[in-house]
Amino acid sequence: KTQNISPDSKKLSVSDIKKAPHLVGPIEELQTFSLKDFRRISANPVQAAQRIFDKIQSLEKESLPKKMEAIDAWKRSEVNQLYIEIGKESFGKGVPIAQAIDQMKNAGKECLSEQEFDALLDLSTMLRS
């Protein structure tokens, strides 16, 4: 004799499926940093850049290679790539940063503000020293 099991009783609903949390370390976090993340740290770009600098400096306390790894990870982040793109655009076309930013915005690209660019310029300078 076969059991009469309704086909619906074995179906999983989407709420039954849970994604395991993916933990990231500070270096991976720096590499995956988005513009949204940067703006979420602080509404003040200078403070946001300072927080990133502090995070990298804290890794230096562990070891110099960890700090270098963190800087490399930061250089690959979306935020830093936007900073580089704006700098190249400005330098390549011989236009001021503000104009390069306006051109990117007008092209519908996600873009840093002038204040964010300046804060990242300062951050880059601090990371080189």
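As a reminder, the structure under discussion sits directly above these lines.
Below: a short report on this structure. (Residues numbered from 1 in each chain as written. Predicted model: local features only at pLDDT ≥ 70, side-chain atom pairs only at ≥ 80, totals over all residues. Heavy atoms only, no water.)

## Considerations on the side chain of Ser90
Relative to the assigned elements, Ser90 resides in helix H5 (residues 78-93). Among the polar contacts listed, one links the side chain of Ser90 to the backbone oxygen of Val95, at a separation of 2.5 Å. (Helix = DSSP H or I, 4+ residues; strand = E, 2+ residues; numbered from the N terminus. Polar contact = N/O pair within 3.5 Å; in protein donor to acceptor, adjacent residues only side chain to side chain.)

## A short note on helix H3 (residues 45-62)
In this model, H3 (18 residues) spans 27 Å end to end at C-alpha, consistent with the 26 Å of a helix rising 1.5 Å per residue. For H3, every residue scored as buried is listed here: Pro45, Ala48, Ala49, Ile52, Phe53, Ile56 and Leu59. Looking straight down H3, one finds its buried side chains confined to an arc of 140 degrees; they lie on one side. Residues Val46 and Lys61 are exposed on H3 and point more than 90 degrees away from its buried face. (Expected span 1.5 Å × (residues − 1). Buried < 20%, exposed > 50% of the residue type's maximum accessible area, 1.4 Å probe, protein only. Arc of directions from axis to C-beta.)

## Quick word on the side chain of Ser124
Within the element layout of this structure, Ser124 appears in helix H7 (residues 114-128). Apart from the residues within four sequence positions on either side, Ser124 is in contact with Asn80 and Tyr83. (Contact = heavy atoms within 4.5 Å.)

## Structural notes on the nonpolar core
Trp74 and Leu112 are the most contacted members of the largest nonpolar core, which totals 30 residues. Elements with a contribution of two residues or more to this core: helix H1 (26-31), helix H2 (35-41), H3, helix H4 (64-75), H5, helix H6 (97-106) and H7. Ranked by the residues each element gives to this core, the list is headed by H3, at six residues. Setting aside residues no more than four positions away along its own chain, Trp74 makes contact with Leu30, Phe33, Ile52, Ile56, Val79, Asn80, Leu120, Leu123 and Leu127. (Core = buried A, V, L, I, M, F, W, Y, C linked by side-chain atoms within 4.5 Å.)

## Regarding the packing of aromatic side chains
Counting across every chain of the model gives two aromatic pairs. Relative to Trp74, the ring of Phe33 lies with its centre 5.8 Å away and its plane at 65 degrees, an arrangement referred to as edge-to-face. With a gap of 41 residues between them, Phe33 in the loop between H1 and H2 and Trp74 in helix H4 connect regions that are remote in the sequence. Phe33 sits in the buried class, given a relative accessible area of 5%. (Phe/Tyr/Trp six-rings, centres within 6.5 Å; stacked < 30°, edge-to-face > 60°.)

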